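In case you want the letters, here they are:
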Amino acid sequence: MGRYHTPKKRLPPKTRNWLIAGALGVGVVGAAYAGINNFTPISSQDVGFEIISPTQAVATVEVSYDSKNRVQCEVRAMNDSYAVVGFKTVVLEAEENPRHVQLKLDVPLRTDNLATTAGIEDCYKVPKDF
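What you see is a predicted model, and the numbers here were worked out from it, not measured in a lab. (Residues numbered from 1 in each chain as written. Predicted model: local features only at pLDDT ≥ 70, side-chain atom pairs only at ≥ 80, totals over all residues. Heavy atoms only, no water.)

**A few points about the overall build of the protein**
Rules: The way it works is that DSSP assigns letters per residue, a run of H or I at least four long becomes a helix, a run of E at least two long becomes a strand, and they are numbered from the N terminus. Within these notes, the globule rule equals 2.2 Å times the number of residues to the 0.38 power, and the radius of gyration is based on C-alpha atoms. For the exposure calls, accessible area comes from a 1.4 Å probe over protein chains only, and a residue counts as buried if that area is under 20% of its type's maximum, exposed if over 50%, partly exposed in between. In what follows, a contact means two residues having at least one pair of non-hydrogen atoms within 4.5 Å. Only the protein chains shown count as covering a residue, and every accessible area follows the Shrake-Rupley method with a 1.4 Å probe.
A tally of regular secondary structure across the protein gives 1 helix and 6 strands. Mapped in sequence order, the helices and strands of the protein form the string α-β-β-β-β-β-β. In terms of C-alpha radius of gyration, the protein reaches 26 Å, well past the compact-globule figure of 14 Å for 130 residues. In terms of overall dimensions, the protein has a C-alpha envelope of 85 × 40 × 25 Å along the principal axes. Counting every position in the protein, which comprises 130 residues, the buried fraction comes to 28%. Residue pairs at least 24 apart in sequence account for 67% of intrachain contacts in the protein once pairs closer than 6 positions are excluded. Carbon and sulfur atoms form 56% of the exposed surface of the protein, whose accessible area is close to 9400 Å².

**What about the state of the cysteines?**
Put simply, the rule is: Cysteine sulfur atoms that come within 2.5 Å of each other are treated as a disulfide pair.
For the structure on display, the rule yields 1 disulfide. Each sulfur of the disulfide joining Cys 73 and Cys 123 lies 2.0 Å from the other. In this structure the cystine formed by Cys 73 and Cys 123 twists about its S-S bond by roughly 115 degrees; its chirality is therefore right-handed. Of the two residues, Cys 73 sits in strand S3 (residues 70-78) while Cys 123 sits in strand S6 (residues 117-126), which places them 50 residues apart along the sequence. By relative accessible area, which is 9% here, Cys 123 ends up buried.

**With respect to the nonpolar core**
For clarity, the threshold we go by: Nonpolar core, defined: a set of buried Ala, Val, Leu, Ile, Met, Phe, Trp, Tyr and Cys residues in which side-chain atoms within 4.5 Å join the residues together.
With 19 residues, the main nonpolar core has Val 63 and Leu 92 as its most contacted residues. Sequence-distant contacts of Val 63, that is, excluding residues within four places in its chain, are made with Ser 43, Ser 44, Cys 73, Leu 92, Val 101, Gln 102, Leu 103, Leu 105, Ile 120 and Cys 123.

**Considering the pairing of S3**
Side-chain direction in a regular strand flips from residue to residue, so the side chains alternate between the two faces of the sheet. Stated precisely, the cut-off is as follows: For two strands to count as paired, DSSP must find a minimum of two bridges between them.
Summarising burial for S3: 9 of the 9 residues are buried, a large majority. Neither face of S3 is left uncovered, since the one carrying Arg 70, Gln 72, Glu 74, Arg 76 and Met 78 and the one carrying Val 71, Cys 73, Val 75 and Ala 77 both have all their residues buried. Across 9 bridges, the pairing between S3 and S6 is antiparallel. What sits directly across from Met 78, in S6, is Thr 117. Sheet topology note: the S3/strand S4 (residues 84-92) ladder contains 8 bridges and is antiparallel.

**Some details on the sheet that holds S4**
Keep this limit in mind: Axis lines are fitted to C-alpha atoms, over the contacting stretch for helices. Their N-to-C directions set the angle, which ranges from 0 to 180 degrees.
Strand order in the open sheet made by the 3 strands is S4-S3-S6, with antiparallel pairing throughout. Two strands in the sheet have a free side with no partner beyond their single neighbour: S4 and S6. Taken pair by pair, the neighbouring strands of this sheet meet at an average axis angle of 20 degrees, ignoring direction.

**Overview of unusual backbone geometry**
What is expected of a backbone is that most residues other than glycine have negative phi and most peptide bonds are trans. A positive phi angle, close to 65 degrees, is found at Tyr 82, a residue other than glycine. What makes Tyr 82 exposed here is its relative accessible area of 65%.

Below, the structure is given as structure tokens:
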């Protein structure tokens, strides 16, 4: 009951259902557009590694990305307990002419103690002024 005991006016169920469906449809389309518009595939994988000494290692990694983006990759060396003993950040700058780039990088790492493995942890897009 509304004010002064008057019945509340409600939307008919059919109208209410159409409004809900329309709002959900707009939300789904908006989310899909935002997802597709911001999608920039970046992939990375370990190719190999070399332990040079107890204080040095080299990780060979492959990174594939769109050159219009500035990409940052984290490379790490670990010991036999899987503790990180060396870490390096590699930044791949954006280019004027966008194209798909596939790079093979040898990343030298300084280590705190003897590493038993080295490789890429993650790559992601970063702002150009970062």
